[in-house]
Amino acid sequence: MIVTTTNDVAGKEIVQVLGVVHGIIVRTPTIAQGFLGNIKNIFGGHNQAFTEMCEQTRNAAYQNMIQQAQMLGANAIVAMRYDSDSVGGDQTRANEVFCYGTAVILR
């Protein structure tokens, strides 16, 4: 599956637009990520525990988007974008990642 942030793929022709596909994941930190992340917040610097949680969330949303495109019969996704936000209050903070693009068939 070709996935690109551009509106086309060099050397390929879009022969059919199948529609918008997306993946959305809302993830809270594991106990370990939350504990380690909160300790790191006290001292400052790169917060590896929360970075890992965000990366896992981003990857899961991306994979869900690709699965949707495959179900439509697409061989590419163009104009792919990410959007992210925090959800919940201080005690239940979660990371939301929304990944979307246009499923197409390339020739």
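Refer to the structure above for everything that follows.
Residues numbered from 1 in each chain as written. Predicted model: local features only at pLDDT ≥ 70, side-chain atom pairs only at ≥ 80, totals over all residues. Heavy atoms only, no water.

*Asks:* An account of the sheet that holds strand β3 (residues 76–87) is needed here, citing residue identities and associated values.
*Replies:* Spatially, the four strands line up as an open sheet ordered β1-β3-β4-β2, and their pairing is mixed. Since the sheet does not close on itself, it has two edges, and those belong to β1 (2–3) and β2 (14–27), each with one partner. The pairing of β3 with strand β4 (residues 94–106) spans 10 bridges and is classified as antiparallel. Considered in β4, the bridge of Tyr82 is made with Cys99. Docked against the sheet, helix α2 (residues 48–72) engages β1, β2, β3 and β4, running at close to 145° with respect to β2. (Pairing = 2+ DSSP bridges. Helix = DSSP H or I, 4+ residues; strand = E, 2+ residues; numbered from the N terminus. Contact = heavy atoms within 4.5 Å. Axes fitted to C-alpha atoms, helices over the stretch in contact; angles between N-to-C directions.)

*Asks:* Quick rundown of unusual backbone geometry? Include the residues and the values.
*Replies:* Phi is positive for Ala79, which is not a glycine, with a value near 55°. Along the chain, Ala79 falls in strand β3.

*Asks:* Describe the nonpolar core, listing the residues and the values that go with them.
*Replies:* Grouped together as the largest cluster of nonpolar side chains are 14 residues, with contacts concentrated most on Val21, Tyr62, Met65, Ala69, Ile77, Met80 and Cys99. Looking at this core, the elements with two or more residues in it are β2, α2, β3 and β4. Counting residues per element, this core draws most heavily on α2, at six residues. Ala76, Val78, Val104 and Leu106 belong to the second largest nonpolar core, which has five residues in total. (Core = buried A, V, L, I, M, F, W, Y, C linked by side-chain atoms within 4.5 Å. Buried < 20%, exposed > 50% of the residue type's maximum accessible area, 1.4 Å probe, protein only.)

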